[in-house]
Amino acid sequence: MSIELVEPPHAPTDRSRDRSQPLSNLGPDETLKAGSNHLRGTIAESLLDEISAGITFPDQKLLKFHGMYQQDDRDLRDERRRQKLEPAHQFMVRVRLPGGVCTPAQWIKLDKLARAHGGETLRLTTRQTFQFHWILKRDLKATIQGLHEALLDTVAACGDDTRGVMCAVNPALSGLHAEVYNMARDASNHAAWKSGAYHEIWYGEKKVASSEGEEPFYGDTYMPRKFKIGFAIPPSNDIDVYAQDLGFIAIVKGHKLEGFNVAIGGSMGRTDGKPETYPRLASVIGYIPAARVTETIDAVMSVQRDYGDRKDRAHARFKYTIDDKGLDWIKAEIENRLGFALEAARTYAFTSNGDVLGWSESDGGRSQFTLFIENGRIANHPGLALMDALLTIARIHEGTFRLTPNQNLAIADVGREQRPVIQALLEEYGLDEQGGASAVRRNSMACVALPTCGLAMAESERYLPGLISKIEPLLAKHNLMDTPITLRMTGCPNGCSRPYNSEIGLTGRAPGKYNLYIGGGFHGHRLNKLYRENIGEAAILSALDDVLGQYAQGRRPGEHFGDFVIRAGIVPEVTEGRHFND
Amino acid sequence: MLSTARWRQDPAPGEEAGLGGGTSSVVNQDIKQAMSAKLTPAQLAQLEVFAKTLDREQALWVSGYFAGLAAGAGGLTAVGAGPQDETAPATAAITILYGSETGNSTGLARDFASRVQAAGGQARAGGMGRCKGRALEEDRFLLVITRTHGRGGPPQSALNFFEFIEGRKAPKLPGLSFSVLALGDSTYEKYCEAGKRLDRRLEELGATRLAPRIDCDVDYEAPAVQWMAALEPLLPKELRKDTGAPVSVAVRAAALPAAPQFDKRHPFDAPVIENLVLTGRGSSKETRHVELSLAESGLVYTPGDALGLFPRNDPELVEAILSHTGLSGDAPVSRKGGETSLAAALASDFEIVAATPRFLESWAALSDAADLRRLAAPENAAERNAYLHQHHVIDIVRDFPVPGLTVEDFVPGLRPLQPRLYSIASSLAAAPDEVHLTVATVRYELRGEPRGGVASGHVSSRAAPDTTLPVYVQDNPHFRLPSDDAPIVMIGAGTGVAPYRAFLQEREARGATGKSWLFFGERNFRSDFLYQIEWQDHLKSGLLTRMDVAFSRDRAEKTYVQHKLKERAADLYAWLEEGAHLYVCGDAAHMAPDVHAALLSVLQDQGHLGPEAAEEYLRTLQRDHRYQRDVY
């Protein structure tokens, strides 16, 4: 892949905000990246500073590329300020785990590191990976080196790069899963940044001179913003392919993978009070044969790399590049770089973006158990030793684990002989029944938010379970306990748990206050619409009681909640992201 | 304008006015008797000394003077009492600055201040050592009384002031009128040199000489009075109200109340402004930051000084002791200054936590318990000490009850409650009218019961904001900042970091240019990094040049400050060679000797010195006041 700028033959476009400009014309992050010596910055020095548990502000930004965020315990922030202590700095460490697949040996290592350095907890994320929280600066190297021993790393898990590459969990077809998963893993390895910074800082390796430059694809300034890639296998849209910057929708004939429809420009993040920011669902622009995946990634990413807005980070995601330049122009530019035209998109059908919980059969006599894990939090809770249970299972499990995009966990590739052993362990730890949870709870997701996330404006993970306990009586009243409805909550408008394409979305505005959105598509195919703004719990429950009541009364057979509220005219349909705020 | 904030020092504790007694030929015995009923002994002594210096004409003049003062419109005010009215005209404000070695200058300065105040003017006497030099810019009248150190230099306590006023940072003082009274000893070559230097320097700074300098030999009283008398007509009119009916000296002088001088014998009830826990959640200890108000106390201090604190005992312990002895809390107890109840005395006057050998002996006699009698025997000192380590007063009275005990039996065995000293953690320059302390709460278990330190327990449990703590300033002349350009290396563990907070606040206020390096040690980084944000800010601003920390309980291998000293040996040695002043504050039993040993090893390694030469190096530093310790 060349990093030279190629002028598209089809039409000139405004280049005043992209990387063709000198750094002085672009945002400060571009200068920071360019001056970072390919993501080294002064991270190594910051790690040695004993006066603070944190690192310098520029290094915090660079560290994201290394998969780590400096955070602090926000519950203690005020208290510690009064105590003349700096915030309780600690780090979130996000593992690069393409497709969410990990081996039992890796699980055991992750468990050990979490117990040693990570506050005895692990978080399964909405992008199928593990997050450690509460890791102190002085334990970062030990953590990263520990991951290295298990052949894991954290490269590009955050930052202006590819982020984690997702892949459908697909319980039914293990062969197909293996094939697509391999592509996701290859895509991640291919698209992750290449600088020697990671090996030098974390593994203590010597800098190696390279003739061709450290970042043949990214250059000095990487991407304008994060860039998310995912592979979906219909009929499950568990990865929420429409929320990806670049989504691949597997087209399968029989049990054989043929190729992918390509979807571009999905993204959740928005900012309250800034109507020019909006969530956008990805647009399907065509079809490619399976062999063309890598070059398609290069072509699409390079278009965004070259044309993305580098002046304003709130306007730097691919979705805005597409809407600014026009989808046709972007598609033409992608085709220009590919050197061939995309075929017309093939037909496909999604039915859900949720998980099938419990035991399910796979081909070849294998099976898997998908365990509902509320908000992805793995810890030894009072009365539920979840972390111990999973460690015990990992010690005897012969297949793999698959982290689902809904923050659940699949114990996958279980052989016939193993299944009763695992079943017995699940029973021993009380995990065999899915606990009588309502269908809404099983289809719910919350981001981490307080106390560790620096962006959170309101509670999310710590609040949603209790809120659902108050929604469940309403569901019971309206006889909807077994009706799946997607409910997603975030502590801020950035959208980590993908709230804007759920049937019920709640995004934090202030402590105890949320925006309430309804009308998203059940399998993630439609954005929802703001229904009530900045309301507290009582108003949330009252509004939901009302609309759930109408749904229970007026729904057609098989009609999903999100579809109903639009048909009933409770909220208008959002057809395109840029109309989200209308 | 004058305010308490301008001063860093009250007359040094322990310095007496230096005015002798003796019988007066002028004031007859009858009047003297009458006066002694009205005047404090100090006032009487002052008056006698003053009177001795008067001839007949002067005596008459003075009697008229005092009468005039008394007749003036309510003009007699408390000497140095309270803050002066900020809106009063500046012309009435007189600053009297003294540099004292033995207290003579102090006495004269206070004396003169009393005279001016009695005349309705505002005057404030203060030590040079702690005068904020810049405040002189605001002054109209400055009277300087200074002793000269034996070899011709200023008094020790005035070194900083001299450095400032003779240095490049001294302000121009065109609006100032001044006069100098120089005290000295004519047997020395440089007689009254310090006074001469100031007299010359104030003129150089543009100030106007109000009256010529007067140099006094060891018999200074008479010329001092001459100086004052010469000055009085030159001071502003407001200070010279006269006329009115003559009133006898005795009667009028009695109306002059004594200045409230707070000291160890008369502690100031300082209001608590702030009392918070510095150690974060999960700490293995509790260390507090306490801020007290000194407003209206006149108390001032220099960074390096300590604050004496009179704690009160835990009321629950008082109750327990009363209950186990069967004594009534209402029982009267006599003590210095009158009668009080036993409960009040146990709370405030007596040490009732730790038992002393005296108490053991007393209780052995009262209880006639064989075990105690044996322990009390002179030959069992070691065993007794061990026992007293494990048994408090409450344990002894509980284990060996004495039926029919009386207050008169019990109280003599108790030791008076002693004040506790805490290194001051603030500078008046940064926190005017305040004093800050860093207090580690002492808590432990003894015989299965939670116990605590007397003072730290009081601070921790019963010193909420708006309560008061009785305090006084304890001068600590051997722990002082050097000149502003000298590098300093500060080594402290735990609460030993307190004076360094004061040092840096002071250096910041002074615009000091010298480099600084802080070594700090505690148990855990996350919870015990005392004043972490402040050090970070100082590092950022450059006020603090370097900082090294040692946290002993974060890792398997324990790291203490002495390890950090050795780790930084090369740089540390370079700093010492550049003239750095070394400070060590904190635990005397372990930290200080360990640090001393580490310093020796640094000197041996880096200076290629033998053990003896390294010791000599440190001894030289000590002699030059470049190695100062405040350990406890």
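Residues numbered from 1 in each chain as written. Chains lettered and ligands numbered in written order. Predicted model: local features only at pLDDT ≥ 70, side-chain atom pairs only at ≥ 80, totals over all residues.

Remarks on the overall build of chain A
Then, number 1: In terms of regular secondary structure, chain A is built from 17 helices and 22 strands.
Then, number 2: Here the C-alpha radius of gyration of chain A, 23 Å, is about what a compact globule of 582 residues would show, namely 25 Å.
Then, number 3: Principal axes of the C-alpha set define a box for chain A whose edges measure 65 × 55 × 55 Å.
Then, number 4: Counting all 582 residues of chain A, 52% fall into the buried class.
Then, number 5: When contacts within chain A are restricted to residue pairs at least 6 apart in sequence, those whose partners lie at least 24 apart make up 66%. (Helix = DSSP H or I, 4+ residues; strand = E, 2+ residues; numbered from the N terminus. Rg over C-alpha atoms; globule rule 2.2 N^0.38 Å. Buried ≥ 20, exposed ≤ 12 C-beta atoms within 10 Å, placed from the backbone. Contact = placed C-beta atoms within 7 Å.)

Observations regarding the overall build of chain B
Then, number 1: When helices and strands are tallied, chain B shows 23 helices and 21 strands.
Then, number 2: When burial is assessed residue by residue, chain B has 43% of its 632 residues classed as buried.
Then, number 3: Intrachain contacts of chain B at a sequence separation of at least 6 include 80% that bridge at least 24 residues.

Regarding the interface of chain A and chain B
Then, number 1: With 12 residues of chain A at the contact, the number on the chain B side is 18 residues.
Then, number 2: A per-class count over the side of chain A that touches chain B returns 5 nonpolar, 2 polar and 5 charged. (Nonpolar A, V, L, I, M, F, W, Y, C, P; charged D, E, K, R; others polar.)

Considerations on the nonpolar core
Then, number 1: Counting 145 residues, the largest nonpolar core has Cys167(A), Val180(A), Ala184(A), Phe231(A), Ala250(A), Ile264(A) and Ile411(A) as the members making the most contacts within it.
Then, number 2: With 7 residues, the top contributor of residues to this core is helix α9 (residues 293–307) of chain A.
Then, number 3: When neighbours within four sequence positions are excluded, Ala250(A) is seen to be in contact with Val180(A), Phe231(A), Ala232(A), Ile233(A), Pro234(A), Leu257(A) and Phe260(A).
Then, number 4: Counting 75 residues, the second largest nonpolar core, distinct from the first, contains Tyr301(B), Val439(B), Ile488(B) and Val561(B). (Core = buried A, V, L, I, M, F, W, Y, C linked by C-beta atoms within 7 Å.)

Thoughts on the packing of helix α22 (residues 591–607) of chain B against helix α23 (residues 611–623) of chain B
All names here are of chain B.
Then, number 1: In the contact formed by α22 and α23, the axes pass within 9 Å of each other and the chain directions differ by 115 degrees. Both α22 and α23 take part in a crossing whose hand is right-handed. Between α22, through Leu599, Leu600, Leu603, Gln604 and Gly607, and α23, the contact on the second element is made entirely by Pro611, Ala614, Glu615, Tyr617 and Leu618.
Then, number 2: Its residues assigned to classes, the contact of α22 with α23 comprises 7 nonpolar, 2 polar and 1 charged. (Axes fitted to C-alpha atoms, helices over the stretch in contact; angles between N-to-C directions. Left-handed = near helix turned anticlockwise from the far one by under 90°.)

Comments concerning helix α7 (residues 174–191) of chain A
Then, number 1: Between its first and last C-alpha atoms α7(A) spans 25 Å; for 18 residues at 1.5 Å apiece the expected length is 26 Å, and the two agree.
Then, number 2: Residues of α7(A) that are buried: Ser174(A), His177(A), Val180(A), Tyr181(A), Met183(A), Ala184(A), Ala187(A), Ser188(A) and Ala191(A). (Expected span 1.5 Å × (residues − 1).)

Let's talk about the sheet that holds strand β9 (residues 256–264) of chain A
Residue and element names in this part refer to chain A.
Then, number 1: Spatially, the 5 strands line up as an open sheet ordered β6-β7-β8-β9-β10, and their pairing is mixed. Single-partner strands in this sheet number two, and they are β6 (165–167) and β10 (283–289). When the angles between neighbouring strand axes are averaged without regard to direction, this sheet yields 20 degrees.
Then, number 2: With 6 bridges joining them, β9 and β10 adopt antiparallel strand pairing. (Pairing = 2+ DSSP bridges.)

Concerning unusual backbone geometry
Then, number 1: Omega for the bond connecting Pro234(A) with Pro235(A) falls within 30 degrees of zero, at 10 degrees, which places this linkage in the cis form.
Then, number 2: Its identity is not glycine, yet Asp368(B) carries a phi of approximately 55 degrees, on the positive side.
Then, number 3: Structurally, Asp368(B) can be placed in the loop between α11 (357–367) and α12 (370–376).
Then, number 4: Backbone geometry places His625(B), a non-glycine residue, at a positive phi of 60 degrees.
Then, number 5: Inspection of the secondary structure puts His625(B) in the loop between α23 and β21 (627–631).

Topic: the packing of α7(A) against α9(A)
All names here are of chain A.
Then, number 1: Taken N-terminus to C-terminus, the directions of α7 and α9 make an angle of 45 degrees; their axes are 10 Å apart at the nearest point. Taken together, the axes of α7 and α9 are oblique relative to one another. Pair α7 / α9 crosses with right-handed handedness. Contact residues: Met183, Ala187, His190 and Ala191 in α7; Val293, Thr294, Ile297 and Met301 in α9.
Then, number 2: A class-by-class count of the residues in the contact of α7 with α9 yields 6 nonpolar, 2 polar and no charged. (Parallel < 35°, antiparallel > 145°, perpendicular 65-115°, else oblique.)

So, the confidence of the model for chain B
All names here are of chain B.
Then, number 1: Looking at chain B as a whole, its pLDDT mean stands at 83, while 80% of the residues score no less than 70.
Then, number 2: In the predicted structure, residues 1–28 sits below a pLDDT of 50 and forms 84 contacts with residues beyond four places in sequence or in another chain.
Then, number 3: For residues 71–92, every residue scores under 50 in pLDDT, and the model assigns this stretch 47 contacts once sequence neighbours within four places are set aside.
Then, number 4: As a predicted assembly, this complex carries a pTM of 0.76 together with an ipTM value of 0.88. (pLDDT = per-residue confidence, 0-100.)

Concerning the environment of Glu138(B)
Then, number 1: Take Glu138(B): it is sitting in the loop between β2 (122–127) and β3 (141–147).
Then, number 2: C-alpha separation for the pair Glu138(B) and Leu309(B), spaced 171 residues apart in sequence, amounts to 34 Å.

Some points on the sheet that holds strand β2 (residues 89–94) of chain A
Residues and elements named next belong to chain A.
Then, number 1: Read from one edge to the other, the open sheet built from 5 strands follows the order β1-β2-β5-β4-β13, with strand pairing classed as antiparallel. The sheet terminates laterally at β1 (68–72) and β13 (377–378), the two strands that pair on one side only.
Then, number 2: With respect to the sheet, helix α5 (residues 104–117) is in contact with β4 (122–124) and β5 (130–135), its orientation differing from that of β5 by roughly 20 degrees.

Some remarks on helix α17 (residues 498–510) of chain B
Residues and elements named next belong to chain B.
Then, number 1: The terminal C-alpha atoms of α17, which comprises 13 residues, lie 19 Å apart, in line with the 18 Å expected from a rise of 1.5 Å per residue.
Then, number 2: For α17, a buried count of 10 out of 13 residues is recorded, marking the element as mostly surrounded by other parts of the structure.
Then, number 3: Of all the positions in α17, only Ala498, Pro499, Tyr500, Arg501, Ala502, Phe503, Leu504, Gln505, Glu506 and Arg507 are classed as buried.
Then, number 4: Positioned one or two residues after α17, glycine 511 has a phi angle of 65 degrees, which is positive.

Some details on the pairing of β9(A)
Then, number 1: Two strands pair when backbone bridges link them, and strand β8 (residues 246–253) of chain A and β9(A) are joined in this way by 8 bridges, in the antiparallel orientation. What sits directly across from Leu246(A), in β9(A), is Ile264(A).

Overview of the pairing of strand β17 (residues 409–414) of chain A
Residues and elements named next belong to chain A.
Then, number 1: Most of β17 is tucked away: 6 of the 6 residues are buried.
Then, number 2: As judged from the 4 bridges shared by strand β12 (residues 367–371) and β17, these two strands associate in the antiparallel manner. Each bridged residue has a counterpart across the sheet, and for phenylalanine 369 the counterpart in β17 is isoleucine 411.
Then, number 3: In this sheet, β17 lies alongside strand β16 (residues 400–403) in antiparallel orientation, the contact comprising 4 bridges. What sits directly across from phenylalanine 401, in β17, is isoleucine 411.
Then, number 4: Between the end of β16 and the start of β17, which pair antiparallel, lie 5 residues, with glutamine 407 showing a positive phi angle near 70 degrees.

Re the environment of Ser334(B)
Residues and elements named next belong to chain B.
Then, number 1: Structurally, serine 334 can be placed in strand β10 (residues 332–335).
Then, number 2: The class for serine 334 is exposed, based on 11 C-beta atoms found within 10 Å.
Then, number 3: Residues serine 334 and aspartate 433, spaced 99 residues apart in sequence, show a C-alpha to C-alpha distance of 35 Å.

Structural notes on the environment of Phe479(B)
Residues and elements named next belong to chain B.
Then, number 1: Take phenylalanine 479: it is sitting in the loop between β16 (468–474) and β17 (488–493).
Then, number 2: Take phenylalanine 479: there are 22 C-beta atoms within 10 Å of it, and that puts it in the buried class.
Then, number 3: Sequence-distant contacts of phenylalanine 479, defined by excluding residues within four places in its chain, comprise Gly304, Pro499, Tyr583, Gln628 and Asp630.

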